[in-house]
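# Overview (structure and organization)
Spelled out from the first residue to the last, the chains are:
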Amino acid sequence: MAILVTGGAGYIGSHTCIELLQKGHDIVVIDNFSNSKQEALRRVSRITGKTFPIYAVDLLQKRDIQKVFAAHPIDAVVHFAGLKAVGESALFPLRYFQNNVTGTVNLCHVMMEFNVKRLVFSSSATVYGATGQMPLREDAAVHAINPYGRTKLMIEEILADVYAANPDWSIVLLRYFNPIGAHESGEIGEDPNGVPNNLLPYMAQVAIGNRQQLSIYGGDYETKDGTGVRDYIHVVDLATGHLKALERTVHIPGVHTYNLGTGNGYSVLEMVAAFEGASGRSIPYIITNRRPGDAAVCYADPRKAKQELGWQAMRGVERMCMDTWRWQVKNPHGYERSRISAKHLSHPLSELSLQK
Ligand code: WQD
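All values reported here derive from a predicted model rather than from experimental measurement.

Time to look at the overall build of the protein chain. Scanning the protein chain from terminus to terminus reveals eleven helices and 15 strands. Taken over C-alpha atoms, the radius of gyration comes to 19 Å for the protein chain, in line with the 21 Å a tight globule of 356 residues would show. Summarising its shape, the C-alpha atoms of the protein chain cover approximately 55 × 50 × 40 Å along the three principal directions. Of all 356 residues assigned to the protein chain, the portion counted as buried reaches 54%. Contacts spanning at least 24 positions in sequence make up 81% of the contacts within the protein chain whose residues lie at least 6 apart. Counting every atom, the protein chain has about 15,000 Å² of accessible surface; 50% of that belongs to carbon and sulfur. Taken as two groups, the 36 positive and 34 negative side-chain charges of the protein chain have centres that lie 4 Å from each other.

Right under this line is the structure:
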């Protein structure tokens, strides 16, 4: 199929592009590069040996989206583009609602204009809030507790209304738990701007020596060791979940919701131990106050995805930590100043058409 990937230069987007290309799909990538690097797409091309159109497009510029749809036949859209930092969303809610919600409305408008009716949307377990009954099932109550989570929930509801008005649309909502890890090559991975909000990239930067110590947010939760418990899922497992959604469900009209998690919960201290084992480095830490908005425990019931998509996570936490560490060692400063620079690419960059 010909797949438009929005936010394809991002952490999950770039890993999904690799899986799509290796499965034989044609892709077109749009990204505004506000929170991602073109270098990630150069490496996708090098890893797969394939080139693909790339457009620097912001979803708030509807005309630019239309130009891409006019230039390329599109069978389905995988929609990753969006701001995703919980803390930042509380500081700049309007930026999050405009970028995530208005951007998605623009995208759906253009899809309608070009008669494209298949959409896979990058949602999040954050829509469940902090008080759900574990493990979380897709029919659990939803109650977002921060602006970022509210944008995801609003978009899910908008898409349900789009389907109600257009019953020939097929929409898949994928609720991610905690994506971590990196492609086995170590060439692409998570490259957050500034100070990482999330546990794994922060821990990797401590291990490589770029940060002094890890602050563990809360040691007094009602959990096995007092620290927060999460369902960490390898980003490549997450990527293959998108392929299964495209293969199995995106041809069936309706709105189909799936948790993409492993069904296993690991505490922060367990992840510290796992990362120390994978990296051979010790992770100095201090236990500080809880982070506002954090749930004590959050992990998935992934049975629906297994039954209906034929998908399940295949990689364990040791592999997630090993792959994260390999990426960090090869790219101590992320894409910006990594050892691999564009001039070493095996194909002419001109094939990666960065055009308006
Ligand atoms: C994991 C655990 C923290 C950092 C968020 C979003 C979610 C998704 C993934 C976008 C918690 C603890 C963390 C640190 C710590 N993002 N922690 N020290 O908050 O579960 O989920 O990111 O889709 O939507 O909500 O992930 O990695 O920030 O935290 O102790 O420096 O690690 O308290 O228990 P989270 P996280």
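Evaluated as defined, the whole model comprises 18 salt bridges. Two residues, Asp-237 and Arg-315, come together in a salt bridge whose shortest N-O distance is 2.6 Å. A residue pair is termed long-range when its members are at least 10 positions apart, and Asp-237 in helix α8 (residues 235-249) and Arg-315 in the loop between α10 (303-309) and α11 (317-330) qualify at 78 residues. Residues joined by salt bridges that share partners form a network here, namely Glu-184, Arg-319, Asp-323 and Arg-326.

Within the structure, the ligand sits among 18 residues, and Thr-126, Tyr-148, Leu-199, Arg-230 and Asp-294 are positioned closest to it. At 2.6 Å, a side-chain N or O of Tyr-148 approaches an oxygen atom of the ligand. With respect to the ligand, the backbone of Ser-215 contributes an N or O atom lying 2.8 Å from a nitrogen atom. Against a free-state accessible area of 680 Å², the protein chains account for coverage of 91% of the ligand. Of the residues in the shell around the ligand, the class split is eight nonpolar, seven polar and three charged.

Now for the confidence of the model for the protein chain. Chain-level pLDDT for the protein chain is 93 on average; 94% of the residues reach the 70-or-more range. Low pLDDT, under 50, characterises residues 338-356; the predicted model gives this stretch 41 contacts beyond four residues in sequence or across chains.

Time to look at the environment of Leu-260. As for its position among the elements, Leu-260 is in strand β11 (residues 254-260). Taking relative accessible area as the criterion, Leu-260 reaches 0% and is therefore assigned buried. Residues Leu-260 and Lys-304, 44 residues apart in the sequence, show an inter-C-alpha distance of 9.5 Å. Beyond its immediate stretch of four places on either side in the chain, Leu-260 contacts Leu-174, Arg-175, Tyr-176, Phe-177, Ile-233, Leu-238, Gly-241, His-242, Ala-305 and Trp-311.

Spatially, three strands are ordered β12-β9-β14 in an open sheet, and the strand pairing comes out mixed. Each end of this open sheet is capped by a strand with a single partner; those strands are β12 (266-267) and β14 (297-298). Across two bridges, the pairing between strand β9 (residues 229-230) and β12 is antiparallel. From the neighbouring strand, Val-229 faces β12, where its bridge partner is Ser-267.

Now for α8. Compared with an ideal rise of 1.5 Å per residue, which puts 15 residues at 21 Å, α8 spans 21 Å between its outermost C-alpha atoms and is within 8% of the ideal. Burial of α8 is extensive: eleven of the 15 residues sit out of reach of the surface. Here α8 has its buried residues at Val-235, Val-236, Asp-237, Leu-238, Ala-239, Gly-241, His-242, Leu-243, Ala-245, Leu-246 and Thr-249.

A few words now on the environment of Glu-113. Relative to the helices and strands, Glu-113 resides in helix α5 (residues 93-113). Glu-113 sits 68 residues away from Ser-45 along the chain, and the two C-alpha atoms are 30 Å apart.

With an omega of -10°, the peptide bond running from Met-134 to Pro-135 counts as cis. Within the secondary structure, Pro-135 is located in the loop between β5 (118-124) and α6 (147-165). Not every positive phi belongs to a glycine, and Phe-33 is a case in point at roughly 55°. Structurally, Phe-33 is set in the loop between β2 (26-31) and α2 (38-48).

One pass over the full model with this rule turns up four aromatic pairs. Arranged with centres 5.6 Å apart and planes meeting at 35°, the rings of Phe-69 and Phe-114 form a pair that is tilted. Linking Phe-69 in helix α3 (residues 62-71) with Phe-114 in the loop between α5 and β5, this pair joins segments that are 45 residues apart in sequence. The exposure class of Phe-69 is buried, given its relative accessible area of 5%. The class for Phe-114 is partly exposed, based on a relative accessible area of 30%. The lysine or arginine in question, Arg-290, covers the ring of Tyr-221, its NZ or CZ lying 4.1 Å from the ring centre.

So, how was this worked out
- Residues numbered from 1 in each chain as written.
- Predicted model: local features only at pLDDT ≥ 70, side-chain atom pairs only at ≥ 80, totals over all residues.
- Heavy atoms only, no water.
- Helix = DSSP H or I, 4+ residues; strand = E, 2+ residues; numbered from the N terminus.
- Rg over C-alpha atoms; globule rule 2.2 N^0.38 Å.
- Buried < 20%, exposed > 50% of the residue type's maximum accessible area, 1.4 Å probe, protein only.
- Contact = heavy atoms within 4.5 Å.
- Areas by Shrake-Rupley, 256 points an atom, 1.4 Å probe, with all protein chains shown as cover.
- Lys, Arg positive; Asp, Glu negative; His and termini not counted.
- Charge placed at Lys NZ, Arg CZ, Asp CG, Glu CD.
- Salt bridge = Lys/Arg side-chain N within 4 Å of Asp/Glu carboxyl O.
- Near = heavy atom within 4 Å.
- Polar contact = N/O pair within 3.5 Å; in protein donor to acceptor, adjacent residues only side chain to side chain.
- Nonpolar A, V, L, I, M, F, W, Y, C, P; charged D, E, K, R; others polar.
- pLDDT = per-residue confidence, 0-100.
- Pairing = 2+ DSSP bridges.
- Expected span 1.5 Å × (residues − 1).
- Phe/Tyr/Trp six-rings, centres within 6.5 Å; stacked < 30°, edge-to-face > 60°.
- Lys NZ or Arg CZ within 6 Å of the ring centre and 35° of its normal.

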